[in-house]
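Listed below are the residues making up each chain.
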Amino acid sequence: MQYRSLGRTGVQVSTLVLGAMNFGRIGNTTQEEATAIVGAALDAGINLIDTADVYSGGQSEEMVGKAIAGRRDDVVLATKATLPMGDERNHRGGSRRWLVTALDDSLRRLGVDHVDLYQMHRWDPTTSDEETLSALTDLQRAGKIRYFGSSTFPAHRIVQAQWTARERHLSRYVTEQPSYSILQRGIETHVLPVTQEYGMGVLAWSPLASGWLSGAIRAGQEITTNRSGFMRQRYDISVPANRAKLEAVERLATVADEAGLSMIQLALGFVTAHPGVTSAIIGPRTADHLRSQLAAADTVLPTDVLDAIDAIVAPGVDLAPDEKHDTPPALLDPALRRR
């Protein structure tokens, strides 16, 4: 396992992060399975576990808490808030009112007195940066969180939040968690240059592109991954973007074979090769998934392989632009771009 500094915090974290989104109802993972996955990951050298309050309605946090009991000091523990936790309109977002409650709820489910990294799961356009950052700064001073970060923020919002922290003398986001893979490289044009400028740690989620780069999806085969069962549109080959992804996967498979690598090693090695990326978040649903992903822990891609990847998916290109999660609201709602 390789380790890197998490931004400028001085905290050393593994280049592979254990993501716990599949723990619970989402991945049909039991507590026994989750505990075994966490134990194997820690034994392999992974030291950062990432979850969120919204994953299976809090079930993931509960399972992570039970799985790390007795090993809390070995874990850099990260969770997230802001996405809706039920139908109540104020049980979401980045307001002080909600974040204070959400964090206490997360600490209770995790069975800990603090988390090491508390992340805003999405940018909340209805709440000012000053409101959110002041609440997070107070929670940090209270000892309930050590650091805080953002997740899937557009580049301009990352810059604005850094400016607000400096102008208002508040603590700042020290990490960003964007979606990044060989098939979705758009953050190379805007987010990564900004995070590098501010010395932020970057924890990349979906490095296997929701299974497209796992080796389980190939031309001429039925797509039967767990996620394809409830996100069918993203795996429908009649959709042009999905056809483009499949064509890229076939060419990437050839590159992997010629380099003596699995598709998973190629995909994770690509993400962790970028100098602006700290770690890649893996989200195994089973122990077998974890073993196949741990095989990439020490993968370093040579220049010729990285060049071959660039020739298949150009730097800064998203093969599925509609699947981006940091799109400015005005691009999605016509009313926001018309007087």
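Everything below is about the structure shown above.
In this text, all values refer to a predicted model and were calculated from it rather than measured experimentally.

Is there a simple way to think about the pattern of salt bridges in this case?
Following the criterion strictly, the structure yields 16 salt bridges and no others. In this structure, the salt-bridge partner of aspartate 105 is arginine 108, at a minimum N-O distance of 3.6 Å. Pair noted here: aspartate 105 and arginine 108 are both in helix α3 (residues 96–110), with a separation of 3 residues, about one helical turn. Classification of aspartate 105 as partly exposed rests on a relative accessible area of 23%. With a relative accessible area of 56%, arginine 108 lands in the exposed category. For aspartate 310, the salt bridge goes to arginine 185, with nearest N and O atoms at 2.8 Å. Of this pair, aspartate 310 sits in helix α10 (residues 303–312) while arginine 185 sits in the loop between β8 (175–177) and α6 (191–197); the two residues are 125 residues apart in sequence, bridging distant segments of the chain.

What's the story with the packing of aromatic side chains in this structure? I'm lost.
Ring pairs (aromatic) are described by centroid distance and by the angle formed between their planes. A complete count under the given rule lists 4 aromatic pairs for this structure. For the pair phenylalanine 153 and tyrosine 173, a centre-to-centre distance of 5.6 Å together with 80 degrees between the ring planes defines the contact as edge-to-face. Of this pair, phenylalanine 153 sits in the loop between β7 (145–151) and α5 (155–167) while tyrosine 173 is found in the loop between α5 and β8, placing the two residues 20 residues apart along the sequence. The residues phenylalanine 153 and tyrosine 173 share a single accessibility class, namely buried. Here tyrosine 180 and phenylalanine 270 contribute two aromatic rings whose centre-to-centre distance is 5.6 Å and whose plane-to-plane angle is 40 degrees, an arrangement assigned as tilted. Placement of the pair is tyrosine 180 in the loop between β8 and α6 and phenylalanine 270 in helix α8 (residues 263–273), with a sequence separation of 90 residues. Three or more aromatic residues link up through ring pairs in this structure, and these residues are Phe148, Phe153 and Tyr173.

Hey, could you run me through the pairing of strand β3 (residues 16–19) in this one?
Look at any regular strand and the pattern is simple: side chains alternate between the two faces of the sheet. Burial of the side chains of β3 extends over both faces: Leu16 and Leu18 are buried on one face and Val17 and Gly19 on the other. Here β3 runs beside strand β10 (residues 279–282); their pairing, made up of 3 bridges, is parallel. Each residue of the ladder has a partner; that of valine 17, found in β10, is isoleucine 281. As for the winding sense of the linkage, the β-α-β connection from β3 through helix α1 (residues 31–43) to strand β4 (residues 48–50) is right-handed.

Rules of the game
As a convention, each chain's residues are numbered from 1 in the sequence order in which they are written. Two thresholds apply to this predicted model, a pLDDT of at least 70 for residue-level local features and 80 or more for giving and counting side-chain atom pairs, whereas whole-chain, interface and lining totals are computed over all residues. Remark: hydrogens and water are excluded; side-chain values derive from all non-hydrogen atoms of the structure. Between Lys or Arg on one side and Asp or Glu on the other, a salt bridge is scored when a side-chain nitrogen of the former is within 4 Å of a carboxyl oxygen of the latter. Elements are defined by DSSP. Helices are runs of H or I of four residues or more, strands are runs of E of two residues or more, and each kind is numbered from the N terminus. Type-normalised accessible area, obtained with a 1.4 Å probe on protein chains alone, sets the label of each residue: buried when under 20%, exposed when over 50%, and partly exposed for intermediate values. The rule is short: rings of Phe, Tyr and Trp, with Trp giving its six-membered ring, pair when the centres are within 6.5 Å, and they are stacked under 30 degrees, edge-to-face over 60, tilted in between. Any two strands between which DSSP finds at least two bridges are classified as paired. Whether a crossover is right-handed comes down to one check: with the strands pointing away from the viewer, does the path from the first strand over the helix to the second run clockwise; if it does, it is right-handed.

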